[in-house]
Amino acid sequence: MLELRHRGGCPGPGEAVAPPPREGEAAGGDHETESTSDKETDIDDRYGDLDSRIDSDIPEIPPSSDRTPEILKKALSGLSSRWKNWWIRGILTLTMISLFFLIIYMGSFMLMLLVLGIQVKCFHEIITIGYRVYHSYDLPWFRTLSWYFLLCVNYFFYGETVADYFATFVQREEQLQFLIRYHRFISFALYLAGFCMFVLSLVKKHCRLQFYMFAWTHVTLLIIVTQSHLVIQSLFEGMIWFLLPISSVICNDITAYLFGFFFGRTPLIKLSPKKTWEGFIGGFFSTVVFGFIAAYVLSKYQYFVCPVEYRSDVNSFVTECEPSELFQLRNYSLPPFLKAVLRQERVSLYPFQIHSIALSTFASLIGPFGGFFASGFKRAFKIKDFANTIPGHGGIMDRFDCQYLMATFVHVYIASFIRGPNPSKVLQQLLVLQPEHQLNIYKTLKIHLIEKGILQPALKV
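All values derive from a computational prediction rather than experimental measurement.

Asks: Would you mind showing me how to read the overall build of the chain here?
Replies: Of regular secondary structure, the chain possesses 19 helices and 6 strands. For the chain, the residues scored as buried account for 37% of the 461 residues in total. Within the chain, contacts between residues at least 6 apart in sequence are counted, and of these 70% link residues at least 24 apart. For the chain, the exposed area adds up to about 27800 Å²; of that, 64% sits on carbon and sulfur atoms.

Asks: Explain helix α16 (residues 368–380) to me, please; I cannot follow it from the model alone.
Replies: Since the α-helix turns once every 3.6 residues, residues separated by three or four places project in the same direction. The end-to-end C-alpha distance of α16, which contains 13 residues, comes to 18 Å, matching closely the 18 Å that a straight helix rising 1.5 Å per residue would cover. By the burial criterion, the buried members of α16 are Pro368, Gly370, Gly371, Phe372, Ala374, Ser375 and Lys378. Lys382 occupies a position one or two residues after α16 and carries a positive phi of about 60°.

Asks: What am I meant to see in the pattern of salt bridges here?
Replies: Where charged atoms from two side chains of opposite charge come close, those side chains can pair. Per the counting criterion, the structure on display carries 5 salt bridges. A salt bridge links Arg399 to Asp253; the nearest nitrogen and oxygen atoms lie 3.0 Å apart. Taken as a pair, Arg399 in helix α17 (residues 396–418) and Asp253 in helix α11 (residues 239–263) lie far apart in primary sequence, 146 residues in all. Assessed through its relative accessible area of 18%, Arg399 is described here as buried. The residue Asp398 makes a salt bridge to Lys378 at a minimum N-O spacing of 2.7 Å. Of the two residues, Asp398 sits in helix α17 while Lys378 sits in helix α16, which places them 20 residues apart along the sequence. Exposure class is identical for Asp398 and Lys378. Each is buried.

Asks: Looking at this structure, how should I read the side chain of His183?
Replies: Along the chain, His183 falls in helix α9 (residues 183–201). By relative accessible area, which is 4% here, His183 ends up buried. Side-chain polar atoms of His183 contact the backbone oxygen of Phe156, separated by 2.8 Å. With residues up to four places along the chain from it excluded, the contact list for His183 reads Tyr155, Phe156, Gly159 and Glu160.

Asks: How should the packing of α9 against helix α10 (residues 207–236) be read in this particular structure?
Replies: Across the interface, α9 lies against α10 with an axial gap of 11 Å and an inter-helix angle of 160°. Comparing their axes, α10 and α9 come out roughly antiparallel. α10 is crossed by α9, and the crossing has right-handed handedness. Contacts between α9 and α10 involve Tyr191, Phe195, Phe198 and Ser201 from the former and Gln210, Phe211, Phe214 and His218 from the latter.

Asks: Any chance you could explain the state of the cysteines here in plain terms?
Replies: Covalent bonding between the sulfur atoms of two cysteines is what defines a disulfide. Applying the stated rule across the entire model yields 1 disulfide. The disulfide bridge from Cys306 ends at Cys321, spanning 2.0 Å between sulfur atoms. Taking the sign of the torsion about the S-S bond as the criterion, the disulfide between Cys306 and Cys321, at about -90°, is left-handed. Here Cys321 lies in the loop between β4 (316–318) and β5 (330–333) and Cys306 lies in the loop between α13 (302–305) and β3 (309–311), a separation of 15 residues in the sequence.

Asks: What is the right way to look at unusual backbone geometry in this model?
Replies: With the exception of glycine, most residues fall at negative phi, and the peptide bonds are largely trans. One non-glycine residue with positive phi stands out, namely Arg343, at about 60°. Tracing the sequence through the fold places Arg343 in the loop between α14 (336–342) and β6 (346–349). With relative accessibility at 77%, the residue Arg343 sits in the exposed group.

Asks: Honestly, the nonpolar core in this entry has me stumped. Any pointers?
Replies: Buried together is how nonpolar side chains tend to be arranged in soluble globular proteins. Grouped together as the largest cluster of nonpolar side chains are 40 residues, with contacts concentrated most on Leu111, Ile240, Trp241, Phe242, Leu243, Phe352 and Leu359. Counting residues per element, this core draws most heavily on α11, at 8 residues. Residues Leu139, Phe149, Cys152 and Leu209 belong to the second largest nonpolar core, which totals 36 residues.

Asks: Just to check I follow, could you spell out the environment of Ile103 for this structure?
Replies: With respect to the helices and strands, Ile103 occurs in helix α4 (residues 81–106). Between the C-alpha atoms of Ile103 and Leu114, which are 11 residues apart in sequence, the distance is 8.1 Å. Those residues in contact with Ile103, other than ones at most four positions away along the chain, are Met110, Leu111 and Leu114.

Asks: Please clarify how a nonpolar patch on the surface should be interpreted in this entry.
Replies: A grouping of Leu79, Trp83, Trp87, Ile91, Leu258, Phe259, Phe262 and Phe263 is seen on the molecular surface, where their side chains present a nonpolar patch of about 710 Å² in accessible area. Contributing elements (two or more residues each) for the nonpolar patch: α4 and α11. Of all the elements, α11 adds the most residues to the nonpolar patch, at 4 residues. By the secondary structure assignment, Phe262 is in helix α11.

Asks: What's the story with the packing of aromatic side chains in this structure? I'm lost.
Replies: In this description, a pair of aromatic rings is defined by centroid distance and the angle of the planes. Counted according to the given criterion, the structure contains 30 aromatic pairs. Summarising the aromatic geometry, the rings of Tyr148 and Phe149 are spaced 6.2 Å apart at their centres and angled 65° between planes, so their arrangement reads as edge-to-face. Centre to centre, the rings of Phe369 and Phe372 are 5.2 Å apart; their planes meet at 75°, and the pair counts as edge-to-face. Here Phe369 pairs with Phe372, and both are found in helix α16, just 3 residues apart, close to one helical turn. Look at Phe369 and you get partly exposed, because its relative accessible area is 47%. In this structure Phe372 comes out as buried when scored by relative accessible area, which is 6%. Ring pairing ties together the aromatic residues Tyr148, Phe149, Tyr191, Phe195, Phe198, Phe211 and Phe214, which thus form one cluster.

Conventions adopted
- Residues numbered from 1 in each chain as written.
- Predicted model: local features only at pLDDT ≥ 70, side-chain atom pairs only at ≥ 80, totals over all residues.
- Heavy atoms only, no water.
- Helix = DSSP H or I, 4+ residues; strand = E, 2+ residues; numbered from the N terminus.
- Buried < 20%, exposed > 50% of the residue type's maximum accessible area, 1.4 Å probe, protein only.
- Contact = heavy atoms within 4.5 Å.
- Areas by Shrake-Rupley, 256 points an atom, 1.4 Å probe, with all protein chains shown as cover.
- Expected span 1.5 Å × (residues − 1).
- Salt bridge = Lys/Arg side-chain N within 4 Å of Asp/Glu carboxyl O.
- Polar contact = N/O pair within 3.5 Å; in protein donor to acceptor, adjacent residues only side chain to side chain.
- Axes fitted to C-alpha atoms, helices over the stretch in contact; angles between N-to-C directions.
- Parallel < 35°, antiparallel > 145°, perpendicular 65-115°, else oblique.
- Left-handed = near helix turned anticlockwise from the far one by under 90°.
- Disulfide = S-S within 2.5 Å.
- Core = buried A, V, L, I, M, F, W, Y, C linked by side-chain atoms within 4.5 Å.
- Patch = residues over 30% accessible without salt bridge, like charges linked within 9 Å, V, L, I, M, F, W, Y side chains within 5 Å.
- Phe/Tyr/Trp six-rings, centres within 6.5 Å; stacked < 30°, edge-to-face > 60°.

What follows is the structure in structure tokens.
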């Protein structure tokens, strides 16, 4: 990157950017009639050389220290490195799953805090990689502006969530009413302040690198913060839309690892040499079966299927409702080949179980590409893991690289195939209107219901 420091600066005020003259070209422009194809070839060659220099100049990031607890090191000291890593991963996986169950028991609010915590840690890991790669250039305000933009984006997204789902609470607080009413303007003003600070921080000799890192920060925000916001949006649709996709990705990760560990022989993709076709296929079938069974179990309980709502009278989140048709048992006729196998013509299923097949299929076939993307990213910067937070697993981002892709799919799936008008959300929006607007809506709704025969017209005396 040493050459970028000198050649990559921004032009100062009044300076013109001109390409260097080619060999044999006069200053007066004797070769201006050169063909377009020759120009394009020359440009391609120069950019190819630049790419190769950038790739070769990326510094080696020192490997992370081993954070495996000493008690585990002593207990597994007699095993080979392959089996030692297997046991460490297994023990830590069971520990994390147990903690996840505990947080589920503690309720929706704790799950939201968990998502926020994971989001911040993933952002920290990716930004830290950028800082460790380019820290020798002493880029001004890089980390400060990165965290400032994270704060701005979170303020915007969580403010939107408060406006959508906490309207009755906001209505009682005058200060919150002001913040919600002008929320988007305040969010834009905050972002604009950060943008101006970035422009003021530009230094001529580091200008190109500063724009690299500006793009680095914004792509990280797009991948991490936006997806975590979609996770919380899915959670408000019902905890089952949060738990099943996440557990399907976890199941696929575990079963693909086990199938690959014991039966893997055929490499799957060069970006991740340890991934095998045996693990990929075994993980797919295991995940679909797991999702189908888990959907049946979760669909039985209101705690998991009811939308998460904030009740101002009890000042807490509640999950009480009459389950929708999606979570009520139905009888389905079996296709002929299954009738012969199961020896019955009809079966009782929750409609959500059918949707679970689509979710599990995406988690096992498309979700791993989030992991492949992360593997390519790590290989580009010559690192093994994003961090060493979890022994045997790497960083938090190493464990949630597939989850963010899954979050977008779930949000799109709900919006496309599931979501209808939400009575609770409509009611909350009505409650914050002015009394005269509420009265107009009441009169219009009353006339509509009378025309449909649902209400009887009032008798005139």
